[in-house]
Amino acid sequence: MSTVTYLTQKGLDKLKKELERLTNVERPAISKQIGEAIEKGDISENAEYDAAKDAQGMLEAKIAEIQSKIANARILDESKIDTTQVQILNTIKIKNKKNNATMKYTIVPESEANLKEGKISVTTPIAKGLMGKKVGDEVEIKVPSGIIPFEIVEISI
């Protein structure tokens, strides 16, 4: 049974592009490697053939996984996102009450998380602790380094 994958349109487009690359570039390249290995003779003791077949198996598994994600994708409509309380696709400005540091994160589906871009997965402890809260709310979030008190300063899109 497949699980629903929540994505933005940008995330879905990225998955489709990756699937296209795997099927149109990677798959033919591995097929060529298998063909070349077969041409070299006895495949029962051919390491190149075994390596190419293993790579093909991993590639096909990855293609199947991406196809499943695309088939079960639900697009999140950014125009219907509410900013009265924290939810997925919101950009949240929070203040660490211990050291007064301010941070800004966008809460995104797990497959689109990228900390360098300030995008955290909805499954992270910080995102889970912020969900449903409003501006001015103070929350204590348990992270690997302990419990950190945060104040929600701003919610935007």
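Structural data are supplied above this passage.
Residues numbered from 1 in each chain as written. Predicted model: local features only at pLDDT ≥ 70, side-chain atom pairs only at ≥ 80, totals over all residues. Heavy atoms only, no water.

**Student:** Pulling in residues and values, what's your account of the nonpolar core?
**Tutor:** Core analysis: the biggest nonpolar cluster contains 20 residues, and Ile92, Ile94 and Leu130 have the highest contact counts within it. Looking at this core, the elements with two or more residues in it are β3 (91-96), β4 (102-108), α3 (125-130), β6 (138-143) and β7 (146-156). Per-element tally for this core: the top contributor is β7, with four residues. With sequence-adjacent residues up to four places away left out, Ile92 is seen in contact with Val86, Met103, Lys104, Tyr105, Ile107, Leu130, Ile152, Glu154 and Ile155. (Core = buried A, V, L, I, M, F, W, Y, C linked by side-chain atoms within 4.5 Å. Buried < 20%, exposed > 50% of the residue type's maximum accessible area, 1.4 Å probe, protein only. Helix = DSSP H or I, 4+ residues; strand = E, 2+ residues; numbered from the N terminus. Contact = heavy atoms within 4.5 Å.)

**Student:** Residue-level account of the pairing of β4, with values.
**Tutor:** Of the strand pairs in this sheet, β3 and β4 are connected by five bridges, and their pairing is antiparallel. Pairing of Thr91 across the sheet is with Thr106, part of β4. Counting the residues that bridge the hairpin from β3 to β4 gives five residues, and of these Asn100 lies at a positive phi of roughly 60°. Alignment of β4 against strand β5 (residues 119-121), held across three bridges, turns out to be parallel. Looking across to β5, one finds that Val108 is bridged to Ser121. (Pairing = 2+ DSSP bridges.)

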